[in-house]
Amino acid sequence: MSKKVGITTTIPAEIVYAAGWRPIDLNNIFIAGENPSQAVDKAEQAGFPRNICGWIKGLYTTLLESPEIEQVIAVTQGDCSNTHALMETWQCAGRTVIPFAYPYDGDYDLLKLQMEKLIKALNTDWDSVYLWKQKLDRIRAKAHKLDQLTWEKGTIDGKTNHLALVGCSDFNGDPDSYDLYLDELLASSEGQEQKGSVRLGYVGVPPITLDFYDYVKEQGGQIVFNEVQRQFAMPFDEQDVVKQYQKYTYPYSIFHRLQDMECEIKRRKIDGIIHYTQSFCFRQIEDLILRQKLDVPLLTLEGDRPGLLDARSRMRLDAFIDMLSY
């Protein structure tokens, strides 16, 4: 069986698979674990400060409790600024860390250089990368179809959409099984129709709150757009693998993401936006820009640790959905 390599966020998975490795998104196994809150507690017991993002603390513990993952590819630019120190704590614990950086302005040559460095570090080549791109693109096409059914037909709910798209960061380390998983979701969607009357968009990093999608659905909201998760599935037809990750909006300026949001808000006929921000994350500042630039009502929700929505967040969601229903 291929060796596993951890990743801290979406990176060019084609390169990892071309090298004969299995990428494992540490975020996904952290939040889907038996007790993600305990993982955060353990990081704090190890010395992580209280005012550090819960995702960072969860990733720290998740990797150290996964002895089969000896190496990790960490994104040093284009994700979380705390990743730098996280990498150092992992190195101190004996893990091998391979850095990868998205250029802030999305410069093609700089991005290609980073990809070439990763290809060299993993001992593979461009031809193998492109062969894997063809395979992964066929799987991504099914995720795109599922996303289309979410907003166009209403036969896939927001939570299922979220899970299917967010998994495209690593294809659960097994593209063939992930391909079958998407087939099953598409087959099960036939004849179904979601009943939410308020069409909502979700923007920002995936939520650390475990019951967010269920609660929104219970209150009559229908999430028809998961912004960052959709980007993990590379929602564009691009033959050049470097340009593919150049078009991927999440690592770059908020204005790249805004263009995508504005287009999808219009296309999906979205009534309102929920902007999720993680406590102690620099991206909270970007909420100011979204409020200035987006032309639809916007609710900002903040999450801290894994767990259920608190009473205040539930009340604010209730009021927001109720307001949009009139």
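Just above, that's the structure.
Nothing here was measured: the structure is a model prediction, and the numbers come from that model. (Residues numbered from 1 in each chain as written. Predicted model: local features only at pLDDT ≥ 70, side-chain atom pairs only at ≥ 80, totals over all residues. Heavy atoms only, no water.)

A. How the structure looks around the overall build of the chain. For the chain, the helix and strand inventory stands at 15 helices and eight strands. By the compact-globule yardstick of 20 Å for 326 residues, the chain fits well, its C-alpha radius of gyration being 19 Å. The proportion of buried residues among the 326 residues of the chain is 56%. Restricting to contacts in the chain with at least 6 residues of sequence separation, those with at least 24 account for 71%. As displayed, the chain has an accessible area near 14600 Å², and 50% of this comes from carbon and sulfur atoms. The chain carries 36 positive and 47 negative side-chain charges, and their two centres are separated by 1 Å. (Helix = DSSP H or I, 4+ residues; strand = E, 2+ residues; numbered from the N terminus. Rg over C-alpha atoms; globule rule 2.2 N^0.38 Å. Buried < 20%, exposed > 50% of the residue type's maximum accessible area, 1.4 Å probe, protein only. Contact = heavy atoms within 4.5 Å. Areas by Shrake-Rupley, 256 points an atom, 1.4 Å probe, with all protein chains shown as cover. Lys, Arg positive; Asp, Glu negative; His and termini not counted. Charge placed at Lys NZ, Arg CZ, Asp CG, Glu CD.)

B. View of the state of the cysteines. Summed over all chains, the structure comprises zero disulfides. Not part of a disulfide, Cys92 finds its nearest cysteine sulfur in Cys80, a span of 19 Å. Classification of Cys92 by relative accessible area gives exposed; the value is 72%. (Disulfide = S-S within 2.5 Å.)

C. The arrangement of the side chain of Asn28 in detail. Mapping Asn28 onto the fold places it in helix α2 (residues 26-31). For Asn28, a relative accessible area of 17% corresponds to the buried category. Here Ser169 takes part through its side chain, which lies 3.4 Å from a polar atom of the side chain of Asn28. In this view, Asn28 contacts Val166, Gly167, Ser169 and Asp170; residues no more than four positions away in its chain are not counted. (Polar contact = N/O pair within 3.5 Å; in protein donor to acceptor, adjacent residues only side chain to side chain.)

D. Highlighting the packing of helix α4 (residues 54-64) against helix α5 (residues 83-92). Put simply, α4 and α5 touch, their axes get as near as 11 Å, and they point 25° apart. Judged by the inter-axis angle, α4 sits roughly parallel to α5. The handedness of the crossing between α4 and α5 is right-handed. Two secondary-structure elements touch here, α4 through Ile56, Leu59, Tyr60, Leu63 and Leu64 and α5 through Thr83, Leu86, Thr89 and Trp90. Here the residues of the contact of α4 with α5 sort into seven nonpolar, two polar and no charged. (Axes fitted to C-alpha atoms, helices over the stretch in contact; angles between N-to-C directions. Parallel < 35°, antiparallel > 145°, perpendicular 65-115°, else oblique. Left-handed = near helix turned anticlockwise from the far one by under 90°. Nonpolar A, V, L, I, M, F, W, Y, C, P; charged D, E, K, R; others polar.)

E. Main features of the sheet that holds strand β1 (residues 4-7). Taking strand neighbours across the sheet as the criterion, the four strands line up as β2-β1-β3-β4 in an open arrangement whose pairing is parallel. Every other strand in the sheet has two partners, leaving β2 (22-25) and β4 (96-101) as the edge strands with one partner each. Strand-to-strand, the axes of this sheet are offset by a mean angle of 30°, without reference to chain direction. Strand direction decides the pairing type here: β1 and strand β3 (residues 69-77), joined by four bridges, are parallel. Counterpart to Ile7 in the pairing with β3 is Ile73. Across the sheet, helix α6 (residues 108-121) lies against β3 and β4, angled at about 160° from β4, the strand it touches most. (Pairing = 2+ DSSP bridges.)

F. Up close: the pattern of salt bridges. Counted by the stated rule, this structure contains 25 salt bridges. Ionic pairing is found between Asp304 and Arg50, a salt bridge with its closest N-O pair at 2.6 Å. Taken as a pair, Asp304 in the loop between β8 (298-303) and α15 (311-324) and Arg50 in the loop between α3 (36-45) and α4 lie far apart in primary sequence, 254 residues in all. The closest approach of N and O atoms between Asp183 and Lys142, which form a salt bridge, is 3.0 Å. Note that Asp183 is positioned in helix α9 (residues 175-188) and Lys142 in helix α7 (residues 126-153), a separation of 41 residues in sequence. Among the charged side chains, a network of salt bridges with common partners joins Asp147, Arg230, Asp260, Glu264, Arg267 and Arg268. (Salt bridge = Lys/Arg side-chain N within 4 Å of Asp/Glu carboxyl O.)

Structural measurements only, silent on function.
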